[in-house]
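Overview (structure and organization)
Below are the chains, spelled out letter by letter.
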Amino acid sequence: MAAAAILPELATQVLIPVAAAVGIAFAVLQWVLVSKVRLTPERRADGGAAKAGPADYLIEEEEGLNDHNVVVRCAEIQSAISEGATSFLFTEYKYVGLFMGIFAILIFLFLGSVEGFSTRSQPCHYSKDKTCKPALANAIFSTIAFVLGAVTSLVSGFLGMKIATYANARTTLEARKGVGKAFITAFRSGAVMGFLLAASGLLVLYIAINLFGIYYGDDWEGLFEAITGYGLGGSSMALFGRVGGGIYTKAADVGADLVGKVERNIPEDDPRNPAVIADNVGDNVGDIAGMGSDLFGSYAESSCAALVVASISSFGINHEFTPMVYPLLVSSVGIVACLIITLFATDFFEIKAVNEIEPALKKQLIISTVVMTIGIALISWLGLPYTFTIFNFGVQKTVHSWQLFLCVAVGLWAGLIIGFVTEYYTSNAYSPVQDVADSCRTGAATNVIFGLALGYKSVIIPIFAIAFSIFLSFSLAAMYGVAVAALGMLSTIATGLAIDAYGPISDNAGGIAEMAGMSHRIRERTDALDAAGNTTAAIGKGFAIGSAALVSLALFGAFVSRAAISTVDVLTPKVFIGLIVGAMLPYWFSAMTMKSVGSAALKMVEEVRRQFNTIPGLMEGTTKPDYATCVKISTDASIKEMIPPGALVMLTPLIVGILFGVETLSGVLAGALVSGVQIAISASNTGGAWDNAKKYIEAGASEHARTLGPKGSDPHKAAVIGDTIGDPLKDTSGPSLNILIKLMAVESLVFAPFFATHGGILFRWL
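Residues numbered from 1 in each chain as written. Predicted model: local features only at pLDDT ≥ 70, side-chain atom pairs only at ≥ 80, totals over all residues. Heavy atoms only, no water.

Structural notes on the overall build of the chain
Put simply, the test is: Numbering of helices and strands runs from the N terminus, with a helix taken as a DSSP run of H or I at least four residues long and a strand as a DSSP run of E at least two residues long. Note on method: radius of gyration uses C-alpha positions; expected globular size equals 2.2 Å times residues raised to 0.38. The rule is simple: take the accessible area with a 1.4 Å probe, protein chains only, and divide by the maximum for that residue type; under 20% is buried, over 50% is exposed, in between is partly exposed. Note on contacts: a residue pair is in contact if any heavy atoms of the two residues lie within 4.5 Å.
Assigned secondary structure in the chain consists of 25 helices and four strands. The C-alpha atoms of the chain give a radius of gyration of 26 Å, which matches the 27 Å a tight globule of 766 residues would have. Summarising its shape, the C-alpha atoms of the chain cover approximately 80 × 55 × 45 Å along the three principal directions. Looking at the chain as a whole, 64% of its 766 residues are labelled buried. Across the chain, every contact between residues at least 6 apart in sequence was considered, and the portion connecting residues at least 24 apart equals 85%.

Some words on the nonpolar core
Inclusion rule: Residue types Ala, Val, Leu, Ile, Met, Phe, Trp, Tyr and Cys, when buried and joined through side-chain atoms within 4.5 Å, form a set referred to as a nonpolar core.
Core analysis: the biggest nonpolar cluster contains 231 residues, and Phe183, Ile227, Tyr326, Ile357 and Tyr480 have the highest contact counts within it. Here this core takes 21 residues from helix H5 (residues 179–216), the largest share from any one element. With near-sequence residues (within four places) excluded, Ile357 lies in contact with Val179, Phe183, Ile351, Tyr502, Ala528, Leu529 and Ala532. Of all hydrophobic cores here, the second largest spans 19 residues; its members include Val421, Val436, Leu454 and Trp690.

What to know about helix H19 (residues 627–641)
Note the following rule: In this scheme, a helix's expected span is set at 1.5 Å multiplied by one less than its residue total. N or O atoms closer than or at 3.5 Å make up a polar contact, with two conditions inside protein: a donor-capable atom paired with an acceptor-capable one, and, for residues adjacent in sequence, both atoms drawn from side chains.
Here H19 contains 15 residues, and its C-alpha end-to-end distance of 21 Å stays within 8% of the 21 Å for a straight helix at 1.5 Å per residue. What H19 keeps buried is the set Tyr627, Cys630, Val631, Ile633, Ser634, Thr635, Ala637, Ser638, Ile639 and Glu641. For H19, the side-chain oxygen to backbone nitrogen distance between the N-cap and Ala628 is 3.4 Å, and the N-cap itself is Asp626.

Description of the environment of Tyr456
In this fold, Tyr456 is placed in helix H14 (residues 444–457). Distance from Tyr456 to Ile681, taken between C-alpha atoms, is 8.4 Å for residues 225 residues apart in sequence.

Overview of empty space enclosed by the protein
Here is the rule: With a 1 Å grid laid over protein atoms only, a set of points is called a cavity when a 1.4 Å probe fits there but cannot get out and a pocket when it is open yet has protein on both sides within 12 Å along at least five of seven lines; lining residues have an atom within 4 Å of a point. Grid points are joined across faces, edges and corners, and a volume is the space filled by probe spheres set on the points. Residues are grouped as follows: Ala, Val, Leu, Ile, Met, Phe, Trp, Tyr, Cys and Pro are nonpolar; Asp, Glu, Lys and Arg are charged; every other residue, Gly included, is polar.
One pass over the full model with this rule turns up ten cavities of 30 Å³ or more. Around the largest cavity, the lining is made up of 30 residues, and of these Asp287, Asn534, Asp691, Lys730 and Asp731 lie nearest the centre. Here the lining of the largest cavity is built from residues that sort into four nonpolar, six polar and 20 charged. Within this model, the second largest cavity holds a volume of roughly 120 Å³. Around the second largest cavity sit 13 residues that line it, and Leu295, Thr492, Ile493, Gly496 and Phe543 are the ones nearest its centre.

What to know about a nonpolar patch on the surface
Quick note on the threshold: The patches reported here contain residues having more than 30% relative accessible area and no salt bridge. Joining distances are 9 Å for like charges and 5 Å for nonpolar side chains (Val, Leu, Ile, Met, Phe, Trp, Tyr). For the area figures, the Shrake-Rupley method with a 1.4 Å probe applies, and any residue is considered shielded solely by the protein chains shown. The term salt bridge refers to a side-chain nitrogen of Lys or Arg lying within 4 Å of a carboxyl oxygen of Asp or Glu.
Together, Phe576, Ile580, Val581, Met584 and Trp588 make up a nonpolar patch on the protein surface, roughly 480 Å² of accessible area in all. Here Ile580 falls in the exposed class, since its relative accessible area comes to 53%.

Observations concerning the layout of surface pockets
One number sums up the size of the largest pocket: a volume of about 910 Å³. Along its surface, the largest pocket is lined by 34 residues, and Asp527, Ala528, Ala531, Ala699 and Ala701 are the ones closest to its centre. Only helix H11 (357–383), helix H16 (493–515), helix H17 (520–562) and helix H21 (662–699) provide two or more residues apiece to the lining of the largest pocket. For the lining of the largest pocket, the element with the highest residue contribution is H17, accounting for eight residues. Across the lining of the largest pocket, the residue classes break down as 15 nonpolar, seven polar and twelve charged.

Regarding the pattern of salt bridges
For the structure on display, the rule yields 24 salt bridges. Across the pair Arg73 and Glu76 runs a salt bridge whose closest N-O atoms are separated by 3.5 Å. Here Arg73 pairs with Glu76, and both are found in helix H3 (residues 67–112), just three residues apart, close to one helical turn. Arg523 is the partner of Asp527 in a salt bridge, and the nearest nitrogen-oxygen pair spans 2.9 Å. In this pair, Asp527 and Arg523 are both assigned in helix H17, four residues apart and thus about one turn of the helix distant. Arg523 sits in the buried class, given a relative accessible area of 10%. Residues participating in the shared-partner salt-bridge network are Lys250, Asp253, Asp691, Lys694, Lys695, Asp723, Asp727, Lys730 and Asp731.

Side note on the packing of aromatic side chains
As a reminder, the rule being used: Centres within 6.5 Å are what make two rings of Phe, Tyr or Trp a pair, Trp counting through its six-membered ring; a difference in plane orientation under 30 degrees is then read as stacked, over 60 as edge-to-face, and the rest as tilted. Comment: the charge-over-ring label is applied if NZ (Lys) or CZ (Arg) is within 6 Å of the ring centre and within 35 degrees of the ring normal.
A complete count under the given rule lists 26 aromatic pairs for this structure. Both rings, one in Phe88 and one in Tyr248, keep their centres 4.8 Å apart while their planes meet at 55°; by these two values the pair is tilted. Taken together, the residues Phe88 in helix H3 and Tyr248 in helix H6 (residues 220–263) connect sequence positions 160 residues apart. Judged by its relative accessible area of 0%, Tyr248 falls in the buried class. Pairing Phe315 with Tyr480 gives two aromatic rings, centres 6.3 Å apart and planes at 70°, and the pair type is edge-to-face. Of this pair, Phe315 sits in helix H8 (residues 314–317) while Tyr480 sits in helix H15 (residues 460–489), and the two are 165 residues apart along the sequence. Three or more aromatic residues joined by ring pairs form one cluster here, namely Phe99, Phe103, Phe110, Phe146, Phe240, Phe751, Phe754 and Phe755. Over the ring of Tyr166 we find Arg170; its NZ or CZ atom is 3.9 Å from the centre of that ring.

What about the pairing of strand E3 (residues 387–392)?
What counts here: Here, a strand pair is defined by DSSP locating no fewer than two bridges between the strands.
With six bridges connecting them, E3 and strand E4 (residues 395–400) associate as antiparallel partners. Along E4, the bridge assignment pairs Asn392 with Val395. The antiparallel pairing of E3 with E4 creates a hairpin that spans two residues between the two strands, and Phe393 there sits at a positive phi of about 50°.

Describing the environment of Leu659
Looking at the secondary structure, you find Leu659 in helix H20 (residues 643–659). Using a relative accessible area of 31% as the deciding quantity, one classes Leu659 as partly exposed. Separated by 620 residues in sequence, Leu659 and Leu39 place their C-alpha atoms 59 Å apart. With near-sequence residues (within four places) excluded, Leu659 lies in contact with Gly760, Ile761, Leu762 and Phe763.

Structural notes on the packing of H6 against helix H23 (residues 714–750)
To keep it simple, the criterion reads: Every axis corresponds to a line fitted to the C-alpha atoms, with the helix fit spanning only the stretch in contact, and the corresponding angles, defined between N-to-C directions, vary from 0 to 180 degrees. Angle categories: roughly parallel below 35 degrees, roughly antiparallel above 145, roughly perpendicular from 65 to 115, and oblique for all the rest.
Interaxial distance between H6 and H23 falls to 9 Å at its minimum, and their mutual angle equals 170°. The orientation of H6 with respect to H23, classified from their angle, is roughly antiparallel. Split into classes, the residues belonging to the contact of H6 with H23 amount to 16 nonpolar, nine polar and twelve charged.

As for the side chain of Asp507
The line we're drawing: Lys and Arg are tallied as positive, Asp and Glu as negative. Neither His nor the chain termini are counted.
Checked against the element boundaries, Asp507 lands in helix H16. Buried charged residue Asp507 carries no salt bridge. Nearest counter-charge: Arg523, at 5.5 Å. Not counting the four nearest positions on each side in its chain, Asp507 is found in contact with Asn280, Asp283 and Asp530.

So, the side chain of Thr492
Mapped onto the elements, Thr492 comes out in the loop between H15 and H16. Judged by its relative accessible area of 6%, Thr492 falls in the buried class. If we ignore the near neighbours within four places in the chain, the residues touching Thr492 are Cys338, Ser368, Met372 and Leu412.

A word on the confidence of the model for the chain
In regions of low pLDDT, the predicted coordinates are not meant to be interpreted in detail. Let me state the cut-off plainly: pLDDT expresses how confident the predictor is about each individual residue, on a scale running from 0 to 100.
Per-residue confidence for the chain gives a mean pLDDT of 87; residues scoring 70 or more make up 96%. Per-element confidence in the chain is highest for H14, whose mean pLDDT is 95, and lowest for helix H2 (residues 54–63), whose mean pLDDT is 44.

Points about H6
Compared with the 64 Å implied by 1.5 Å per residue over 44 residues, the 63 Å span of H6 between its first and last C-alpha is a close match. Counting buried residues in H6 gives 41 out of 44 residues, a clear majority hidden from the surface. Just downstream of H6, Asn265 is the residue with a positive phi angle, here 55°.

Focus on the environment of Leu673
Within the fold, Leu673 resides in helix H21. Residue Leu673 is classed as buried on the basis of its relative accessible area, which comes to 14%. Separated by 94 residues in sequence, Leu673 and Leu579 have C-alpha atoms that sit 9.8 Å apart.

The structure is reproduced here in C-alpha cells:
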C-alpha cells in the first residue's frame, strides 16, 4: 500500500469549510464597502443638499448640475434596472423550476429502473467481489444532488445580479471623484459575486459529500457516482440562464442600437430611447446571472468528473479521504489565493489614469496564476501520497504526486494563455481590432468580412493550448489528469468572475451616467471602464470555453468507463453516425439561439420605432418613453424562445442513449465537443472584436480613430451594424455552446447506468 498523504483527514475536514467560510465572509465585507457609497443625498439643516467640503462644490461646478438631482436621478434609474432584472429572473425561475421538477423525476425513474427499483445490495460495477448500495439509492441521491446543484446555480446567478444592480449607480457616482474610485467600486462588486459563487459551490459540494457519506459508508463508488447529479443540476440551470438572459439582453441591445444609433442618430443609453432600460437590465440577467451560473456549472462538473474517477482509483479503493477530495482542496487554496490578489486591485495600488485600467485587470490574472501555481504545489505535496494509482479504462495506472501537480498547473497556465490570446483579438489596443475598425471606411460589408476572419483566426492558439493540456494531463494521469487540469483552469474562478462581472457593472454605470444627464467627462471615464470590461468579459468567456473542453473530455472518459465501453472506434457505423450528428448539434443550437435573438429584436425594433413615431415630444426630450413595454417584450420573448434550444440539449442524450445506445452516444459527445469548442471561441471573439471596434471609433483616442469618427459618421454606422451582428454571437450563442458540450456529457454520465442496461433499442431490433 502506498504512503499516506501528509495532511490528516481531520485537517482536511476543517480546511475545506473554513476556506469556503472565509470566501463568503470576504464577499460580505466587499458588499459592505460598496454600500458605503451613498445613493441618497444627505440633507443640510437649511434643506439643501449636504456638502462634505470644497471638493463637492468643485464637482458640482465641473458638472454644471445640482448634485442632489443627479444622485436622485441615478437612484431612480438603478431602481428601475433592479426591478426589471428581479422581475425577469423570478419569471424565468418559475419555468426553470417546473423543468427542474420534471427532470428530477426522470432521473429517479430512469436510474431506479436499472435494477427494477430493488432495495437489495448489488455487486459493485468496478469491483465485482464487493457489494454496493442498490441502484434505487443511486437514483434517490442523484436526484437530491441534482436539485442541490440546480438551486445553488440559481442562487449564485440571482445574488450576482443583485450586487450588480446594487453597484451600478454607485460606480457612476464614484466616477465623479475619478476613474480610480469608480474602478474600485465596480471591481469590489464583481468580487462579491466571484467569492460568493466559488465559496458557496465548494461548501454545498463538501456538505453533500459528507451527508451522502453517512448512508453510503464504505461504498465510495456509489457515493461519488450519485454526486455527479450536482454538476448536472448546475449546468442545467446555467443553460437556461445563459440562453434566456442572452436572448433578453441582445433583443434589447439590437433594438436600441438599430433605431437609436443608426436611424435616429442619438447616443447609446440616451434616455429618449425606449429600449434603454431593457438593455441595461439585460446586461445583468445575461452577462451576470447567466455567466455566474455557467462558471458555477463548470466548477461543479470538473469537480464531479475528478471525484468519480478518483473513487475507482487507489484513493477510493483504500478509502483515503484527503487525496480523494484533492479537487476540493485545490478550490479551497484558490479562494485564499484569489482573496489576497483582490486586495492588490482594491487596496494596495490605486488606478489614477484611464490607461491603467486594463493593465490592472491583466495583472490580476497573471499574479493570481503565479500565486495559485505555488498553492497547487503546496497542496499536492501535503494532500497526496507520493505514489498512487489512477483508473485508466479498466486498468490502474501508477502516478506520482508531482505529475498531478503538473496536470493542474498546465490547465491553470493554458487558461492564462487563452485569456491573453482572447484579449489580443478583442481589445482595441491591438492591431486585429484596429484593422476591423479601419475596414469600416468601406462600409458594413467589409467590416463583417474582417470580423469573421478575425474570429476564425482567433481559434488557432487556444485550440493548441487546449490540445497540449489534454495531451500532457492525459499522458501523466489519464482522465483524472484531464479533470484536474480543467479544475486548474477554474481554480482562480473568484478572480476571473470578479473581472468578468466588473464589465457589465461598468457598462451599466455608463448608461446611468448618460440617462442621468451627467457631463461628458464622467461618460468618458465610464466608457473607459466599460471598454476594459468588454475585453475582460471576452477573456472570461475564453476561460469558460477552454475549461468546458477539458471538463467535457473528463466527463466523456468517465461516461465511457461507466458504460463499460472498452474502446470508441470511429470507424464503426454506430460511432461514426453519432460523431457526425454530434458535430452538427452546435450549428443547430446556434441557429436556434441566433434566430431567437433576431425574432425578439424584430419586435423590439418595431416597438421603438412606434414610440418615436407616435409619442409627441419624445425626440425633443420633453416626454418620457414607455420603458415598461420594451422590458415586457424582452421578458416574454426570452422566456418563450429559451425553451426549444434548452430542450434540444437536454433531450439529445436521452433520445440517442435510449434508441441507439452508448456507443452512438459516445460519438455524439465527441462530435459536439470538437465542433462546439471551435464555434464558441470564434463566435465570442468575433462579437467582442466588432463591439470594441465600434468603441475604438467612438472614443477617438488616437489619430487613426479620429479619422474614422466621429459618432454618426459612415464608418461609425458600419461599426454599429457589425456590433449588432456580433451581439448574439458573443452574448448568446457563443457562451451557451460551452454549456451545451458540458451538459450533454454530464447528463450522459448520470444516465450511463440506465443506457448501459436498457439503451440501444433500435439496434437490438435490427
